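# A look at the structure
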Amino acid sequence: MPVHNEDIARIFDQIADLLEIEGANPFRIRAYRNASRTLRELGQDVRLLREAGEDLTRLPGIGKDLAAKIAEIIETGRCRALEKLQKRLPPDLSELLRIPGLGPKRVHALYHDLDIHTLEQLERAARDGRIRELPGFGAKTEARILETLAAHADSSRRFKLAVAAQYAEPLLAYLRALPGVEQAEVAGSYRRAKETVGDLDILAIAEDGEAVTRAFTEYDEVENVLSQGPTRATVLLRSGLQVDLRVVPAESYGAALYYFTGSRAHNIAVRRLAQKRGLKFNEYGAWRGRRRVAGDTEPSMFRAIGLPFIPPELRENRGEIEAARAGLLPKLVELGDLRGDLHCHSRASDGHASIRQMAEAARDHGFEYLAITEHSKRLTVARGLDSRRLLQQIEAIDELNEKLGGITLLKGIEVDILEDGSLDMPDAVLARLDLVIGAVHSKFDLSRAKQTRRILRAMDNPYFTLLAHPSGRLIERRAPYDVDMNRVIHHARQRGCYLELNAHPERLDLLDTHCQMAREEGVLVSINSDAHSVQDFDNLRFGVGQARRGWLEKKDVLNTRSLAQLRRLLKKVRG
DNA sequence: GCCGTTTTCGGCCCGACTGTTTTCAGTCG
C-alpha cells in the first residue's frame, strides 16, 4: 500500500507524544511535530518527490535524520525508532495526552505510579479515587478527568468557519456593547480564515479587565467557565465551542492582536527574528530592553522588525516571512475585487429561487455577471437537466437578458464527469453555452490513477471550461478523493482551462495549498458561490478567505475580470 | 532533531491560569 504524507505525519506525531512522556529534549520533540506539520501541508506526496529524486532535506524542518526516517517509512511501511519507543512505553499512552489537563508529566506519573495507559484504566482509577493520591494531582484534577471522559465524544470537535461565525458575531457584538470596552476583535485561526476552528480567541481593549472577563463569563450562551482571571477567561458555550477572551490595555492592542492571531508557527519564527534584532516580542508589545518600541497597532509591530504588514491569512510560517523580507508578498485578492460569480443553481435543478431572483440578488452584490449552471441529468437527486430542458433554459436566459438591467446572465452547466471521463451532455448542446463546469459527483473511490485519468480526460473535452470543487472533499465529512492534483493543475495549464474555488462553507475547495500550486502554474481560479439561494452569495467571503490563504492575487482570479475580459478568456478555452 | 547574512555548536518564543503548593510545576495557547 502506498504511503501518504498523513501516514508519515501520524508516525512522527506518535514519536513526539511518546518522547514527550519520556521527558526527552523539548526541541527534539518540536522537531518531530514541525516535520509532521510540513508533511501535512506539503500539498503533494513526499513519496513522489522522493521518487523524482528531490532532496527531502530541502523541506522546512526536515534534516538528514528525518529524511532518512521518511525514506524508511516509504520503503518498509515501518519506523524502527517508533517501534523502539513502543517497547519502552505503551503506544496508547498518547491517547491520555488528549485529555485536557493531562500533559506529558502527568501522563508519565499515571503510567509510572499507577500503571495506567488506557482511557478505561484512567476512568477506573479516577472512580476509585486513586488519582488524587498522586503527588501533583488533587481532587479537582480527578473530577475534571471524569467529567471529560463522560463528554469525550465531542471534545475534539472542530467548527466550520461559517458555523463559528454564527457564534462569534453576536458574542462580539455583546462584548463591544459592554461599558469600558473600547474595541473587540476575533483573533486566532478565525481571523486567519482557516476552514475550521477549534476555538475562538477574542481580544478586547479595556482598562478594567476584571469587569470584562466577569461579564464575558455571564454571557447568555456560556455553559461552563473553564478559567477566569483579571486579563483572560475561557468558557465553553452550549454549542460546545470554546472561547478564550483576553483583555489588554489600548497601548498593547496591536501586539496582542498579532500574538493571538498566530499561527503558533508564525509567532515562533517572528519572535526568533525579533530576538536576532535585539527585540523581544510578547503580547504587550515589542521591547528593546525595558523600553517598549511598538504595540498599539499591528503595523507598528511589523515596522519594529522592519517587515511589511503580513495579512493574517498568510501567517502560517509557510514562506510568508521570507517573502516579506524579500519584498515579494502577494497583494491578496479582496471580496470587492469580484466582478461576478460563475456557479449557481436555480429552482430548475436543486436551487430555491428563480433565475430572475438569483440575478437580482447577484446584482445587489454589485456583480456585473452571473452564470446559471444547473446540474446535468445524471444527478437525478438534484433534478439535473437533460438536453431538452437545458435548451429551454438557454432560450429563457436569452429572453431574460433582454429585460434585465445592470447584470448579464451567462449560460452554463455544472455537468457531471462520468466514470470514464466523458461529460453527461452532448457536445452539440455544450457548444451553445458560455461556459461548462465539470464536476465529479459519483465514484469517489476510484484508484488515484483512474480518478486522475478520468478528470484529465474530461478536461480534454473542447467545451470544458472550469473544474468544479476539484478535491471533492466535504469538510469534516468526506475526505478528498484520491487524485494527483499536481497533474490536474499542470494539465489545466496545458489545456488552457480553469479551476474553481468553491466557496460553499462545507467545501472551500480548491484547498489552500493547491491554490498556491495553481498560482505558480499560472492557472486562473474562479471563486464561485455555488449558490442555491439568494443568501448563498454571502458565502463568497469564505471563498475569498480561502483564496487569500492560498496566496491568490486579484490577477490570479478569473472572476475579477470585467465581463468583456471574461468573455475573451472563456472563448480562448475553446481555442 | 533542526539550523546558520554574527554560529557547523549552541542555541531553540513567551506569559497567564490552575491546582496543589507553601513558592511553583504543569498545562495551555
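This write-up is about the structure you can find in this document. (Residues numbered from 1 in each chain as written. Chains lettered and ligands numbered in written order. Predicted model: local features only at pLDDT ≥ 70, side-chain atom pairs only at ≥ 80, totals over all residues. Heavy atoms only, no water.)

Moving on: the protein's contact with DNA strand B. Near DNA strand B you find 50 residues, and of these Gly-63, Gly-101, Gly-138, Gln-228 and Arg-271 are the closest. Within 4 Å of the protein, the atoms of DNA strand B are drawn from sugar and phosphate moieties in a proportion of 76%. Within the backbone of Gly-103, an N or O atom sits 2.7 Å from a phosphate oxygen of DNA strand B. Side-chain polar atom of Thr-231 to a phosphate oxygen of DNA strand B: 3.2 Å apart, as the coordinates give it. Broken down by secondary-structure element, the contributors of at least two residues to the surface near DNA strand B are helix 2 (26-40), helix 4 (64-76), helix 7 (104-114), helix 9 (139-150), strand 5 (222-228), strand 7 (242-248), helix 14 (264-276) and strand 8 (280-282). If you tally residues by element for the surface near DNA strand B, the top one is helix 14, at six residues. For the surface near DNA strand B, the per-class residue count stands at 17 nonpolar, 15 polar and 18 charged. (Near = heavy atom within 4 Å. Polar contact = N/O pair within 3.5 Å; in protein donor to acceptor, adjacent residues only side chain to side chain. Helix = DSSP H or I, 4+ residues; strand = E, 2+ residues; numbered from the N terminus. Nonpolar A, V, L, I, M, F, W, Y, C, P; charged D, E, K, R; others polar.)

Bringing the sheet that holds strand 9 (residues 285-288) into the picture now. Pairing within the open sheet is antiparallel, and its three strands lie in the order 8-9-10. A single partner strand is all that each edge strand has here, and the edge strands are strand 8 and strand 10 (291-294). In this sheet, neighbouring strand axes are inclined to one another by 35° on average, regardless of whether the strands run parallel or antiparallel. Pairing geometry for strand 8 and strand 9, over three bridges, is antiparallel. (Pairing = 2+ DSSP bridges. Axes fitted to C-alpha atoms, helices over the stretch in contact; angles between N-to-C directions.)

Glancing now at helix 13 (residues 253-261). Because the α-helix completes a turn every 3.6 residues, residues three or four places apart line up on one side. Counting buried residues along helix 13, eight of its nine residues qualify, which places the element largely inside the surrounding structure. Burial in helix 13 covers these residues: Tyr-253, Gly-254, Ala-255, Ala-256, Leu-257, Tyr-258, Phe-260 and Thr-261. Of the residues flanking the end of helix 13, it is Gly-262, one or two places downstream, whose phi is positive at about 65°. (Buried < 20%, exposed > 50% of the residue type's maximum accessible area, 1.4 Å probe, protein only.)

Further remarks concern the packing of aromatic side chains. Using the criterion set out here, one finds eight aromatic pairs in the structure. Judged by centre distance (6.1 Å) and plane angle (10°), the rings of Phe-444 and Tyr-481 are stacked. Residue Phe-444 is found in the loop between strand 14 (435-439) and helix 20 (448-460), and its partner Tyr-481 is found in the loop between strand 15 (466-467) and helix 21 (485-495); the two are separated by 37 residues along the sequence. The exposure class assigned to Tyr-481 is buried, which follows from its relative accessible area of 5%. An aromatic cluster is present here, built from Tyr-258, Phe-281, Phe-302 and Phe-309 joined pairwise through their rings. (Phe/Tyr/Trp six-rings, centres within 6.5 Å; stacked < 30°, edge-to-face > 60°.)

Let us look at the nonpolar core. With 77 residues, the main nonpolar core has Leu-342, Leu-370, Leu-409, Leu-410, Met-459, Leu-499 and Ile-527 as its most contacted residues. Apart from the residues within four sequence positions on either side, Leu-410 is in contact with Leu-342, Tyr-369, Leu-370, Ala-371, Ile-372, Asp-434, Leu-435, Leu-563, Leu-566, Arg-567 and Leu-570. Among the nonpolar cores identified, the runner-up in size contains 48 residues, and Leu-18, Ile-21, Leu-42 and Ala-109 belong to it. (Core = buried A, V, L, I, M, F, W, Y, C linked by side-chain atoms within 4.5 Å. Contact = heavy atoms within 4.5 Å.)

Strand order in the open sheet made by the seven strands is 11-12-13-14-15-16-17, with parallel pairing throughout. In this open sheet, the two edge strands, each paired with only one partner strand, are strand 11 (340-341) and strand 17 (525-528). In this structure, strand 16 (residues 498-502) lies alongside strand 17, joined through four bridges in parallel fashion. Note on strand 17: the bridge partner recorded for Leu-499 is Val-525. Of the strands in this sheet, strand 12 (369-375) and strand 13 (408-416) touch helix 18 (residues 387-403), which is tilted by about 165° from strand 13.

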